[in-house]
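Listed below, chain by chain, are the residues.
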Amino acid sequence: MAAKLSLSGPSDSDTSSPSDQSVSGRSVNRSLRIAEKERRKNEAEDPFVLALKYFSDVEPGTPVNGNDQLERNLVCVEKVAYSKGLHPEAISIMLEFAMSLRMGSSPCVRVLKCLIPSSVVPQEAVVRAVVWLGIGKIPISTQVLFIKWVLTVFDMIDAKDQLRAIYGFIFSFVTEENLCPFICHLLYLLTRKESGNFACIVFQGRQPFLMHLLSLYKVFCPELVTLSIPSPMKNAFRNHNSPWKSALLAVQKRNGSQVSSSSLSLTAKDKTNSRKRKHCHLEVPALNSAVNKQAQTDSCSSRKVVPLVQIHSFAQLLENMHRIELPAQMGSLLGSSLTLQFLDCVQDESALLRLNSWLGYALHEEFLFCNDAGSFQNSEEALQFLEKLLSTLHFRQEGFSSIEVFLYKFLNAWDGSLLRPQILGLMSNIPVVTSSQIGQFLFEPLMQLFFTSSLFFKCGLMECLNNMLLKWLTWHSVVFLSFCSVLYPRNITLSGFKDSVMELVHFVGRLATVGLQLEGCHSLLLSFILDFYETVCDMFLKYGLPLVVMPPPGVFYPALFAADPVSVDRLAYIMYRYKVNLTSAKRQEKLKEQAFHISRQTFHEFNHYVVVMVNCLWNSKMFHQGMGVQLGEEVLLKSNVPQYSNSFDLIHHPAFLSYAVDFHQKVRAQVHSKPWRWYLEYLFTQGYDGLKQFVQSNISWQPIAGDGGSDDLATQQR
Amino acid sequence: MEQKQTSVVKTPRNSDGAQRSSYRQSYRSYVGAVSRLGLTSALTARRLNTSRRAPRAHNITDKVSPEHLAVLVKKEWQLSYVTPLFQFRHTQLKRYSQQLSAFIAAERQGVAVEVEEPQHSFKASFSVVHGMAEAEEDAETILIQVHSKHHFSRRDDPEKCVWSGWLACINGSPEYIRSLPKDFICLPLFGSSGGDPLTSSVKSWFQQTFDCCFGSLEINHTSLQWLGSLWTNCQPESNIQHLKMIWAVPVVPPLQITYTVNPQDAWELWTCVRKDAQVEKEGEEEEEEEEEGIIDIEEVNMFMQELKSHFYRHFKLDLSAGNLVQVSTALGSAKTSGRIKISNSRYMISTLTLLTECALLKMPV
């Protein structure tokens, strides 16, 4: 019946309006007036408007049972509510009707359930309703429903200032046992700094919702609330939006408005893995503001400080950077990415020591002091902790001294397999160690581990040492480029730094030599070793470190005779870069008198290697006098290899033999006068750029005009 | 040369001055972070002292008040090590007492409470034990006691002490203490006696208030041997009554051997070991006069070796296979689990010196 009535409304207005169109302004005015009148008339007849009027005017004490009028109007309101939502005024009227209990409590629940706002909820209405909550005799279940409704539409309330003004009034409902969880949630949403002093009121009980509210008070007034809150706070407030959720979403969807109801999902972190543990050294402490403040305020009481807990965004962090107060426990800075950003700015030595103490304590207790047998059972937690630590280090681009101290001790106890990637990751962050200490702290334990561990450990260690060297060199280049004064960590001088780098490179050379022997020149290990030398050969040009160290023969020859072409190609690239670095160093040496001096020994080694490479790959003079590899004539004859001297040139080299065969098959049909040259061109098109650069820089060889090439050679002699 | 240097100072005329300073700042923080690493070698190479002064009967009763001594002596303490306390003030003890009381009440009853409220069922009190500190760098010992008020007790009933603990640093390594920034107080040794819940409450209050960490402190084999020898050395001045050692032998089922030595026998063996060592020393160096009271680790090892071989002669059982887990005399007792009891205050200082050293060995930074 109500539906029929509402449908008849619009058709009336359509018939009357087009009567006087397209006349003067006056008549337009008139037409507007008429339209207005019509609209009013329609509204007056609109059953929804009538229904609202009924609910606002109904006399208190009107009977409910058998009241058809009430039923009709309520159905009308419900219909509108579930289809389009109620406009603010309607919300006010209906809420007032329900909470004032003008017709008793029975229609109250029904009305509350259909209070679906179309846009916003007027604050006054909510405030009035809260007042009714205090006066009326509303059944407790209805009161709960009302608060649930407020929580659901909280973000749609147009303003919150008046609600905050009656904070104390709302607070008084906390004593109501059934209402308490919901009131706590509401208070949680309303709490601002000034409301913190409500914490003085003594609470009983340890329910999660209370704790949650208290934890908020603690943020604002740490000195008033003494309470230990379990750090992985579970989501204490449940969602109470179930009676309205689907209707609200439908209405919002229909209206196209996306009023976010973010209060429906709380921001508190919900940690699922709150397993019980006996030892919890690895748990990052919760971020709390310092309680122990009075002692330090003597000096800086005039400055207003902002506790870090109250900062929630990067913008806020930037704004308050100069007056942020350090938290009670520095370890808590590792807990979130926002605080990590702040950590980057902490210059205070005491603060860093506090952080280092905690970090060192956690690492020592977990990995070194492990009192209970089988403490590594919780390696999942250890893994997560180390991963977090690694990402922190990565973010900070700096190490922590406590990690370093821990590692020096731990390396002596480590089996090389427990959490290997993480431990190696931590190790690669160790800053420059003086050359006098590096042997004792790093090399001795690492050597033992290296020679007794698997191939994968060896590869991992090579990668780790490469990363370590890269980080040292990056530090050097930052210092070198930015203020030229020679200041390295731990007051190491430039020459001290050079010594350390040299020690490291020589150490890796020794490891690599023996490692390749032990593992039968495994190509995976060789690849990691060549990675390292790719860093080493460019130290001068890329990082400005005046130091050139050549690889030992134990690395050079296995790479040169490797069975895979990639290794040979990389070796060729490394030799090419060595040459570029050495040439540029030599040039600088001539330019500046006080420039560094590269020893003749280094040049000699380099030249020797180049001669060997060229003779071997190019000239087919493998076993000639003066070469690195010498074998007796009779031994070579015994091997029954015909033409042994060219068995490692670019055609016969085991790494390239398949290319030679392939090339031969491709060009068999065509007759070529200069097959060697075409073969080289072919090799270079296969992506062997290192080889190409090596050949181009060391052999005077014209790709097109040259003839045969094989006797046209000139190594760059110094 | 001089001119060159001034020209270097003038160089920053290009626009990247700001960038430079930021580099420098971040660089400074780096240097700051590692500046303490001068200690690295000391940290990783730290070992228990190999020689220490023989305990002398301290007239500690003159320096320390008898009430405090009465609390410290005759209780068994569970030991922990504590990292340096940040912004701990010996002058703020009253405030700490209030805060700790409130904290315990909050933890106990699950309530948030006002700090100033006087009506807590647990009352914590902090006090300084004057006269314990030995070296100049040592911070004064702190005593913490928690008293409980019963709900039904009358107003004038005496409060019952339900928990007590102390923080001490006796003859702590001066290099380590001096290396700390001045905001830190080093009290590395923590002893507690009382219920576990209260212990953990006190610990977490300290952690949150002074940003420190607590870890358990075991008394290892070597330290126990030291204690046995040091106590035996006191025999002539104060009767140790017995030297009792408990050895755990790793067999199935686990075997515990209690080995009790007559005090006079122990003393005679000890003097023999001492004499031998002294003679040997004098052979090496002439001027040994002033080092009369110094005991060396070798003497301790020899003493223990003799005790073990005596045991072997009688029972054909080599105790070297086992571990010393407990040592006790009339002066005190120590267990490997980190429990210690000091029965005679006269020799308390040398015991605490050893334990402070053990605690400092555990420091992570």
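Each chain has its residues counted from 1, running along the sequence as written. Here every chain gets a letter starting at A, and every ligand a number starting at 1, in the order they are written. Two thresholds apply to this predicted model, a pLDDT of at least 70 for residue-level local features and 80 or more for giving and counting side-chain atom pairs, whereas whole-chain, interface and lining totals are computed over all residues. Heavy atoms from the whole structure form the basis of all side-chain values; hydrogens and water molecules are not counted.

Caption draft 1: Just the overall build of chain A, in detail. By the criteria applied, helices consist of DSSP H or I runs no shorter than four residues and strands consist of E runs no shorter than two, each listed in order from the N terminus. Each helix and strand in chain A was counted, giving 32 helices and two strands. Each residue gets one of three labels from its accessible area relative to the maximum for its type: buried under 20%, exposed over 50%, partly exposed in between, using a 1.4 Å probe on protein chains only. Expressed as a percentage of the 718 residues in chain A, the buried residues total 50%. Restricting the contact set of chain A to residue pairs at least 6 apart, pairs at least 24 apart contribute 73%. Using the Shrake-Rupley algorithm and a 1.4 Å probe, accessible areas are obtained, with residue cover drawn only from the displayed protein chains. Carbon and sulfur atoms make up 55% of the accessible area of chain A, which totals about 34,300 Å². Residue contacts are defined here by distance: any two heavy atoms, one from each residue, within 4.5 Å place the two residues in contact.

Caption draft 2: Spatial organisation of the packing of aromatic side chains. In summary, the pairing rule links any two rings of Phe, Tyr or Trp, Trp by its six-membered ring, whose centres are within 6.5 Å, and it sorts them by plane angle into stacked for under 30 degrees, edge-to-face for over 60 and tilted for everything else. Counting across every chain of the model gives 46 aromatic pairs over all chains. A ring pair is formed by Phe55 of chain A and Phe97 of chain A, whose centres lie 4.8 Å apart and whose planes are at 55°; its orientation type is tilted. Here the residue Phe55 of chain A occupies a position in helix 3 (residues 47-57), and Phe97 of chain A occupies one in helix 5 (residues 88-99), the gap between them amounting to 42 residues. The exposure class of Phe55 of chain A is buried, given its relative accessible area of 0%. Residues Phe311 of chain B and Phe315 of chain B carry aromatic rings whose centres are separated by 4.7 Å and whose planes lie at 40° to one another, so their mutual orientation is tilted. With a gap of four residues between them, Phe311 of chain B and Phe315 of chain B both fall in helix 11 (residues 297-315), about one helical turn apart. The exposure class assigned to Phe311 of chain B is buried, which follows from its relative accessible area of 7%. A relative accessible area of 56% places Phe315 of chain B in the exposed class. Grouped by ring-pair contacts, the aromatic residues Phe88, Tyr96, Phe126, Trp163, Phe190, Trp205, Phe206, Phe210 and Phe214 of chain B constitute a single cluster.

Caption draft 3: Broad picture of the pattern of salt bridges. Any Lys or Arg side-chain nitrogen located within 4 Å of an Asp or Glu carboxyl oxygen qualifies as a salt bridge. Within the structure shown, the criterion is met by 17 salt bridges over all chains. For Arg577 of chain A, the salt bridge is made with Asp538 of chain A, and the minimal N-O distance between the two is 2.9 Å. One end of the pair, Arg577 of chain A, is in helix 27 (residues 565-591); the other, Asp538 of chain A, is in the loop between helix 24 (523-537) and helix 25 (539-543), and 39 residues separate them in sequence. One salt bridge connects Arg178 of chain B with Glu137 of chain B, and the closest N-O pair in it is separated by 2.8 Å. Here Arg178 of chain B is found in helix 7 (residues 174-179), whereas its partner Glu137 of chain B is found in the loop between strand 4 (122-129) and strand 5 (141-148), with 41 residues between them in sequence. Look at Glu137 of chain B and you get partly exposed, because its relative accessible area is 24%. Linked through salt bridges whose partners overlap, the residues forming this network are Glu71, Glu78 and Arg110 of chain A.

Caption draft 4: Spatial organisation of the pairing of strand 15 (residues 339-342) of chain B. All names here are of chain B. Of the two faces of strand 15, the one holding Ile340 and Ile342 is buried and the one holding Arg339 and Lys341 is not buried anywhere. Strand pairing is defined by DSSP finding a minimum of two bridges between the two strands. With three bridges joining them, strand 2 (residues 76-82) and strand 15 adopt antiparallel strand pairing. Paired with Glu76 across the two strands is Lys341, which belongs to strand 15. Both strand 14 (residues 332-335) and strand 15 contribute to a ladder of three bridges, which runs antiparallel. Of the residues in strand 15, the one forming a bridge with Gly332 is Ile342. The turn linking strand 14 back onto strand 15 is made up of three residues, and Gly338 within it adopts a positive phi angle of 95°.

Caption draft 5: Local environment of the environment of Ala70 of chain B. With respect to the helices and strands, Ala70 of chain B occurs in helix 5 (residues 66-72). The spacing of Ala70 of chain B and Ser320 of chain B is 250 residues in sequence and 38 Å in space, taken between C-alpha atoms.

Caption draft 6: Examining the environment of Ser328 of chain B more closely. Residue and element names in this part refer to chain B. As for its placement among the helices and strands, Ser328 is situated in strand 13 (residues 323-329). Of the residues examined, Ser328 reaches a relative accessible area of 8% and is grouped as buried. In this structure, the C-alpha to C-alpha distance between Ser328 and Pro250, residues 78 residues apart in sequence, is 21 Å. Once you skip the residues sitting within four places of it in the chain, Ser328 turns out to touch His242, Leu243, Lys244 and Ser333.

Caption draft 7: Expanded view of the side chain of Ser428 of chain A. Relative to the assigned elements, Ser428 of chain A resides in the loop between helix 20 (420-427) and helix 21 (435-452). Discounting chain neighbours no more than four positions away, the residues touching Ser428 of chain A are Cys464, Asn467, Met468 and Lys471 of chain A.

Caption draft 8: Examining helix 7 (residues 123-135) of chain A more closely. All names here are of chain A. With 13 residues, helix 7 ought to run about 18 Å at 1.5 Å a step, and its terminal C-alpha atoms sit 19 Å apart, in line with that. Taken residue by residue, helix 7 has Gln123, Ala125, Val126, Val127, Ala129, Val130 and Leu133 as its buried positions. The elements touched by buried residues of helix 7 are helix 5, helix 8 (140-152), helix 9 (161-165) and helix 10 (167-171). Helices are assigned an expected span. That span is 1.5 Å times one less than the residue count.

Caption draft 9: Layout of a nonpolar patch on the surface. The patches described consist of residues with a relative accessible area above 30% and no salt bridge, like charges being joined within 9 Å and nonpolar side chains (Val, Leu, Ile, Met, Phe, Trp, Tyr) within 5 Å. On the surface, Val251, Leu255, Phe315 and Leu317 of chain B cluster together to form a nonpolar patch covering roughly 350 Å² of accessible area. You can call Val251 of chain B partly exposed: its relative accessible area is 39%.

Caption draft 10: Quick peek at the state of the cysteines. Residue and element names in this part refer to chain B. Cysteine sulfurs are considered disulfide-paired once they come within 2.5 Å of each other. Inspection of every chain in the model, using the stated rule, returns zero disulfides over all chains. Looking at the unpaired Cys272, the closest cysteine sulfur is the one in Cys234, lying at 18 Å. What makes Cys272 partly exposed here is its relative accessible area of 45%.

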